[in-house]
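Coordinates in review
Each chain, letter by letter, is given below.
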Amino acid sequence: MSKVYFPTVNKIAYEGPQSTNPFAFKYYNPEEIVLGKPMKEHLRFSMAYWHTFTYMGNDPFGGASITREWDGGDPMTQAKERVHAAFEFMEKMGMEYFCFHDVDIAPRGATLEESNRNLDEIVDEIEAEMKRTGIKCLWGTTNAFGDAKFVHGASTSCNATVFAYTAAQIKKAMEVTKRLGGENYVFWGGREGYETLLNTDVNRELDHFAAMLKMAADYADKIGFTGQLMIEPKPKEPTRHQYDFDAQSVIGFLRKYGLEKRFVLNIEANHATLAQHSFQHELHMSRINGLLGSIDANMGDPILGWDTDQFPTNLYDATLCMYEVLQQGGIAPGGLNFDAKVRRASTDAEDLFLGHIAGMDTFARGLKVAAKMLEDKVFIKNIDERYASYNTELGATIENGTADFESLEQYALKNGVTKSPSGRQEMLESILNQYILEA
Ligand code: XLS
Ligand code: NI
Ligand code: NI
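Residues numbered from 1 in each chain as written. Chains lettered and ligands numbered in written order. Predicted model: local features only at pLDDT ≥ 70, side-chain atom pairs only at ≥ 80, totals over all residues. Heavy atoms only, no water.

1. Points about the overall build of the chain
- Along the chain, the regular secondary structure elements total 16 helices and 14 strands.
- Whereas a compact globule of 439 residues would reach a radius of gyration of roughly 22 Å, the chain reaches 24 Å, a difference of no more than 12%.
- Considering only C-alpha atoms, the chain reaches an extent of 85 × 60 × 45 Å along its principal axes.
- Every one of the 439 residues in the chain was classed for burial, and the buried ones make up 49%.
- Look at the contacts in the chain between residues 6 or more apart in sequence, and 77% of them connect residues 24 or more apart.
- Within the chain, the 62 negative side-chain charges are centred at a point lying 2 Å from the centre of the 44 positive side-chain charges. (Helix = DSSP H or I, 4+ residues; strand = E, 2+ residues; numbered from the N terminus. Rg over C-alpha atoms; globule rule 2.2 N^0.38 Å. Buried < 20%, exposed > 50% of the residue type's maximum accessible area, 1.4 Å probe, protein only. Contact = heavy atoms within 4.5 Å. Lys, Arg positive; Asp, Glu negative; His and termini not counted. Charge placed at Lys NZ, Arg CZ, Asp CG, Glu CD.)

See below:
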């Protein structure tokens, strides 16, 4: 029997909304059927290895505030302990997926070769734990932003040797993700952006970025990695301007370079708000373009203007998120990855459980509310009525492309304009409240 890292916490069970036990689910009941499917299949919750197992409470003004059971020792021993702690955590949470960066699971070596060897050794341990527990990998990714060599970016660095190194690093991380049966692979452009246009050839950098993605897709095909490839938009941070700014910019970029058939989007709530969009906006834009692949479920802080990566507890956002997910017929093979960390002052190991419970309960509730709203067609009915004028003869000629300026002028001269319907926003927002409170 190996070491127990969370001795004070047992397996988290569903106890229902009346429960006062903080270590129990109040709304997340994994096997409960919602719209014909168990909750857990709708939600596909995933743990983010980096936030839960490598974050020590650092912020821009202070170093580590948290110590964990698996800390200390040489980096490889620590990495192995972390694997066992992570799987104990996920088992106790009933969490069926995890996501990782290469450097979260194994320490970067002095050379690429050493880094790759470290990865292989740790991946052996992870593979064994996956076998033992049945826990799966939602996605893998590369950290090509933390190390000093990425100071000007990775594939968008001005330095071609950095481009080559990035390719090598992605190649290995993809191989590892494939080996772990990862269902997706993510590209978040950590420093793919610029600080000042005075020193930047944006055109060239975007071409390089696209070239890297094209090579990645080709390599995925070559090794038979069939998971979804995903871009995760973010407008800024760490660079002043990130190229994958938001869903619509990424979609434009993918189309410009003919990559839209190979890549979908991983939408993060906090990145949406940093781009001055709502979470739902980003999900919606991705969905209507057929490109909503997966979700980083977290939330930002309306007062702090950075990626605070908090556990999501906002019921409105969770409800509207699940409303988008249900309208696209589900999120698989993507999932809801808690790209979220406990606060710097939440220093106990128990807080890791409490944070995930809060997030899972919030989305479970959001799922049920969204399912009810969809079943009752409350908003859909209203939207249909709002556009009723496009179901007339005039509307049909506009939508089917047979109208032209002359025909429309003729219509306008003859008929003028009718009164537009009320938007009914206040009523709709109040209906949303009613569903959140009563569904
Ligand atoms: C950072 C991103 C990052 C990605 C994975 O803001 O959210 O954590 O999800 O590289
Ligand atoms: Ni993220
Ligand atoms: Ni983020």
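2. Regarding the coordination of the nickel ion (ligand 2)
- Coordination of the nickel ion (ligand 2) by the protein is provided by E232 (OE), E268 (OE), D296 (OD) and D339 (OD), with metal-donor distances spanning 2.0 to 2.1 Å.
- In this structure, the nickel ion (ligand 2) is coordinated by 6 donor atoms arranged in octahedral fashion, with angles at the metal of 81 to 176 degrees.
- Motif for the nickel ion (ligand 2), donor spacing along one chain: E-x35-E-x27-D-x42-D.
- In this model, the nickel ion (ligand 2) sits 3.7 Å from the nickel ion (ligand 3), the two metals being bridged by E268. With E232 in the loop between β10 (228-231) and β11 (241-242) and E268 in strand β12 (residues 263-268), this pair connects stretches of sequence that are 36 residues apart.
- For E232, a relative accessible area of 3% translates into the label buried. (Donors = N, O, S within 2.8 Å, 3.2 Å for Na, K, Ca; no water. Tetrahedral: all angles 85-135°; square planar, octahedral: opposite > 155°, others 65-115°.)

3. What to know about the layout of surface pockets
- For the largest pocket, the calculated volume is near 940 Å³.
- In terms of lining, the largest pocket is formed by 33 residues, of which the most central are H51, Y55, D307, D309 and K341.
- Among the secondary structure elements, those contributing two or more residues to the lining of the largest pocket are α2 (49-53) and β7 (136-141).
- A breakdown of the residues in the lining of the largest pocket according to their chemical character gives 12 nonpolar, 9 polar and 12 charged.
- Its volume calculated, the second largest pocket comes out at about 690 Å³.
- Residue contributions to the lining of the second largest pocket peak at 6 residues, all from helix α13 (residues 378-386). (1 Å grid on protein atoms, 1.4 Å probe; cavity = no way out; pocket = protein on both sides within 12 Å on 5 of 7 lines; lining within 4 Å. Points joined across faces, edges and corners; volume = space filled by probe spheres on them. Nonpolar A, V, L, I, M, F, W, Y, C, P; charged D, E, K, R; others polar.)

4. As for the pairing of strand β5 (residues 45-48)
- Here β5 shows no split at all, with F45 and M47 on one side and S46 and A48 on the other all buried.
- Here β5 runs beside strand β14 (residues 336-338); their pairing, made up of 3 bridges, is parallel. Residue pairing for β14: S46 is matched across the bridge by N337.
- By the bridge criterion, 3 bridges tie β5 to strand β6 (residues 97-101) in an arrangement that is parallel. Counted as the bridge partner of M47 is F98 from β6. (Pairing = 2+ DSSP bridges.)

5. Focus on the pattern of salt bridges
- Using the criterion set out here, one finds 22 salt bridges in the structure.
- Between E88 and K92 there is a salt bridge, with the nearest N and O atoms lying 2.9 Å from each other. Taken together, the residues E88 and K92, both in helix α3 (residues 75-93) and 4 residues apart, mark about one turn of the helix.
- Owing to a relative accessible area of 15%, K92 belongs among the buried residues under this scheme.
- In this structure, K372 engages D376 in a salt bridge whose closest nitrogen and oxygen atoms are separated by 2.9 Å. Of this pair, K372 and D376 both sit in helix α12 (residues 349-376), 4 residues apart, which is roughly one turn of the helix. (Salt bridge = Lys/Arg side-chain N within 4 Å of Asp/Glu carboxyl O.)

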